[in-house]
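# Structural features, examined
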Amino acid sequence: MRTWVKVTLAGFAACVLAFSLLAGAGAYLFFRHLETTNVAETAAKTEFDAVRTKFAGRPPLVDVTNPRAGDIRVNRVKHPQGLRASAVYVMTWNVEDDQMLKTDIPLWMMRFSSINVLSHLGVAPDRYRLTAEDVASFGPGIIVDYSEAGAKRVLIWVE
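Residues numbered from 1 in each chain as written. Predicted model: local features only at pLDDT ≥ 70, side-chain atom pairs only at ≥ 80, totals over all residues. Heavy atoms only, no water.

In this section: the pattern of salt bridges. Applying the stated criterion across every chain, the model contains 8 salt bridges. One salt-bridge network, in which partners are shared between bridges, spans Lys 45, Asp 49, Arg 52 and Asp 145. (Salt bridge = Lys/Arg side-chain N within 4 Å of Asp/Glu carboxyl O.)

Below is the structure:
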């Protein structure tokens, strides 16, 4: 076998190994910080309202008007005091089984997400284009606040 073939195969194997390690580390961090509890609707509403009040006065980074029709708008604004975000928090509540899910991950992991990669490559449509830098420069605040009447609630914020 020729030397350049060996080097190419070794490089490809190293890339696959690095990607696998990164994906494994991401899954480990996600599941390690994952917290699932059963809560009543009033308790869930209180928790959602507490986060909303913390960031009152600033519109969310992503405005989900009609997800079925693809009506999603990204408001690319920087934090007024120039603060930057470093962690992403996710809280969801499912009405059917009164189950609340909470997790947090470091913002640097978003740099490897498909949304970020596709946005940098220019593959994502303009209205869906959202990079990790957009989120970091948005600073502490709510990224997405979405609720589906009688079904679920999702709140994603950064600090």
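This part takes up the side chain of His 79. Following the sequence through the fold, His 79 ends up in the loop between strand S3 (71-74) and strand S4 (87-94). Each residue touching His 79, except ones within four places of it in the same chain, is listed here: Arg 58, Ser 137, Phe 138, Gly 139 and Pro 140. (Helix = DSSP H or I, 4+ residues; strand = E, 2+ residues; numbered from the N terminus. Contact = heavy atoms within 4.5 Å.)

All right, on to the environment of Leu 83 then. When you line up the elements, Leu 83 lands in the loop between S3 and S4. Take Leu 83: its relative accessible area is 41%, and that puts it in the partly exposed class. Taking the C-alpha atoms as reference, Leu 83 lies 7.2 Å from Ser 137; in sequence the two are 54 residues apart. Non-local contacts of Leu 83, meaning those with residues more than four positions away in its chain, are made with Ala 136, Ser 137, Gly 139 and Pro 140. (Buried < 20%, exposed > 50% of the residue type's maximum accessible area, 1.4 Å probe, protein only.)

Attention now moves to the sheet that holds S4. Taking strand neighbours across the sheet as the criterion, the 5 strands line up as S1-S5-S4-S7-S6 in an open arrangement whose pairing is antiparallel. On the outer flanks of this sheet lie strand S1 (35-38) and strand S6 (141-148), each paired with one strand and no other. Going from strand to strand, the sheet's axes swing by 10 degrees on average, the running direction of each strand aside. The sheet contact formed by S6 and strand S7 (residues 152-158) spans 7 bridges and is antiparallel. Bridging from a neighbouring strand, Ile 142 pairs with Trp 157 of S7. Seen against the sheet, helix H2 (residues 41-54) touches S4, strand S5 (99-106), S6 and S7 and runs at an angle of roughly 155 degrees to S4. (Pairing = 2+ DSSP bridges. Axes fitted to C-alpha atoms, helices over the stretch in contact; angles between N-to-C directions.)

All right, on to a negative patch on the surface then. Together, Glu 41, Glu 96, Asp 97 and Asp 98 give the surface a local cluster of negative charge. Residue position: Glu 41 is located in helix H2. (Patch = residues over 30% accessible without salt bridge, like charges linked within 9 Å, V, L, I, M, F, W, Y side chains within 5 Å. Areas by Shrake-Rupley, 256 points an atom, 1.4 Å probe, with all protein chains shown as cover. Lys, Arg positive; Asp, Glu negative; His and termini not counted. Charge placed at Lys NZ, Arg CZ, Asp CG, Glu CD.)

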